[in-house]
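The residues making up each chain are set out below.
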Amino acid sequence: AVVVLGSSSIRGWRKMIHEDLAPITIIPRGFGGSTMNDAFHSVNRIVIPYEPRAIVVYEGDNDLARGYSSKQIRATFLNFIDRVHRQLPESRIYFLSIKPSPKRWKLWPQIQETNGLIAEICQKHPQLTYVDIATPMLDAGGVVRKDIFTNDHLHLNREGYVIWRDVLKPILMDRELTFESKADSQSMK
């Protein structure tokens, strides 16, 4: 299966993620407020036991809001990769770029810097893929769209998740569908 790990943006997708990414077998493991550091420290409990063939990670949003630097997030992501690949050397990792949001728009320069550092890491390793979900969330003028968020201006509404689906699903279909068996074609609930 593919474990999808991350903060409340992943938790909020839980109701539709199986349908959105079908027929890929998905195990959602999002928890509110999580950071890249949380993903690193919890990987042995909430990822490794499933022995996933791939992991989709969404972290960084809360890290930047709490004052962590782009370089700290980059370093923790490298540690996360190392921990995963020591135990699951064949596992592929997909990093969903840090999203812009109206609530955290002032962090956009740091988000772009962090996304650039993570993309650079992913370009150097064949088992890593950087997935840019941020760019399609911007309007023609390069400003974050407000219509794809809930009233808190931080979490996505259905239209926001449709954007994520439309970016991520073709990548997973291209790279992960060949690993689906007929027995695994039903998503885990």
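Rules and cut-offs
Residues numbered from 1 in each chain as written. Predicted model: local features only at pLDDT ≥ 70, side-chain atom pairs only at ≥ 80, totals over all residues. Heavy atoms only, no water. Phe/Tyr/Trp six-rings, centres within 6.5 Å; stacked < 30°, edge-to-face > 60°. Helix = DSSP H or I, 4+ residues; strand = E, 2+ residues; numbered from the N terminus. Buried < 20%, exposed > 50% of the residue type's maximum accessible area, 1.4 Å probe, protein only. Lys NZ or Arg CZ within 6 Å of the ring centre and 35° of its normal. Core = buried A, V, L, I, M, F, W, Y, C linked by side-chain atoms within 4.5 Å. Contact = heavy atoms within 4.5 Å. Expected span 1.5 Å × (residues − 1). Axes fitted to C-alpha atoms, helices over the stretch in contact; angles between N-to-C directions. Parallel < 35°, antiparallel > 145°, perpendicular 65-115°, else oblique. Left-handed = near helix turned anticlockwise from the far one by under 90°. Nonpolar A, V, L, I, M, F, W, Y, C, P; charged D, E, K, R; others polar. Salt bridge = Lys/Arg side-chain N within 4 Å of Asp/Glu carboxyl O.

K.L.:
In this structure, what is going on with the packing of aromatic side chains? I would like to understand it.
P.N.:
What describes a pair of aromatic rings is the distance from one ring centre to the other and the angle between the planes of the rings. Inspection of every chain in the model, using the stated rule, returns seven aromatic pairs. Geometrically, the ring pair formed by Trp13 and Trp164 is edge-to-face, given 5.9 Å between the ring centres and 80° between the ring planes. Remark: Trp164 occurs in helix H7 (residues 158-176) and Trp13 occurs in the loop between helix H1 (8-11) and helix H2 (14-21); sequence separation between them is 151 residues. Considered together, Trp13 and Trp164 belong to a single accessibility category, that of buried residues. Pairing Tyr58 with Trp164 gives two aromatic rings, centres 5.2 Å apart and planes at 45°, and the pair type is tilted. Of this pair, Tyr58 sits in strand S3 (residues 54-58) while Trp164 sits in helix H7, placing them 106 residues apart in sequence. The burial state of Tyr58 is the same as that of Trp164; both residues are buried. When the ring centre of Phe40 is taken as origin, the NZ or CZ atom of Arg83, which lies over that ring, is 4.0 Å away. Over the ring of Phe179 we find Arg92, and its NZ or CZ is 4.2 Å from the ring centre.

K.L.:
What exactly am I supposed to notice about the nonpolar core here?
P.N.:
A general trend in soluble globular proteins is that nonpolar side chains are found buried together. Grouped together as the largest cluster of nonpolar side chains are 57 residues, with contacts concentrated most on Phe77, Phe80, Leu96 and Trp164. For this core, the element with the highest residue contribution is H7, accounting for six residues. Not counting the four nearest positions on each side in its chain, Phe77 is found in contact with Met36, Ile93, Phe95, Ile118, Ile121 and Cys122.

K.L.:
Help me understand the environment of Glu90 in this model?
P.N.:
Mapped onto the fold, Glu90 is located in the loop between helix H5 (70-87) and strand S4 (92-96). For Glu90, a relative accessible area of 63% gives the class exposed. Residues Glu90 and His18 lie 72 residues apart in sequence; the distance between their C-alpha atoms is 23 Å.

K.L.:
Is there a simple way to think about H5 in this case?
P.N.:
One full turn of an α-helix is made of 3.6 residues, so residues set three or four places apart face in the same direction. Between its first and last C-alpha, H5 extends 26 Å over 18 residues, near the 26 Å set by a 1.5 Å rise per residue. Here H5 has its buried residues at Ser70, Ile73, Thr76, Phe77, Phe80, Ile81, Arg83, Val84 and His85.

K.L.:
What is the right way to read the packing of H5 against helix H6 (residues 108-123) from this model?
P.N.:
Geometrically, a packed helix pair is captured by the angle between its two axes and the distance between the axes. Between H5 and H6, whose axes approach to 9 Å, the crossing angle comes to 30°. Taken together, the axes of H5 and H6 lie roughly parallel to each other. When the axes of H5 and H6 are compared, the crossing they make is right-handed. Between H5, through Ser70, Lys71, Ile73, Arg74, Phe77, Leu78 and Ile81, and H6, the contact on the second element is made entirely by Gln110, Glu113, Thr114, Leu117, Ile118, Ile121 and Cys122. Class assignment of the residues belonging to the contact of H5 with H6 gives a composition of eight nonpolar, three polar and three charged.

K.L.:
Any chance you could explain the pattern of salt bridges here in plain terms?
P.N.:
Two side chains bearing opposite charge may form a pair once their charged atoms approach each other closely. Counted according to the given criterion, the structure contains 11 salt bridges. The partner of Arg158 in a salt bridge is Asp20, and the shortest N-O contact between them spans 2.6 Å. One end of the pair, Arg158, is in helix H7; the other, Asp20, is in helix H2, and 138 residues separate them in sequence. By relative accessible area, Arg158 is classed as partly exposed at 33%. Judged by its relative accessible area of 2%, Asp20 falls in the buried class.

K.L.:
Sorry if this is basic, but what is going on with the environment of Val43 here?
P.N.:
Looking at where Val43 falls in the secondary structure, it is placed in helix H3 (residues 36-46). Of the residues examined, Val43 reaches a relative accessible area of 0% and is grouped as buried. Along the primary structure Val43 and Arg83 are separated by 40 residues, whereas in three dimensions their C-alpha atoms are 8.0 Å apart. Discounting residues that sit within four places of it in the chain, Val43 has contacts with Ile48, Pro49, Phe80, Arg83 and Val84.

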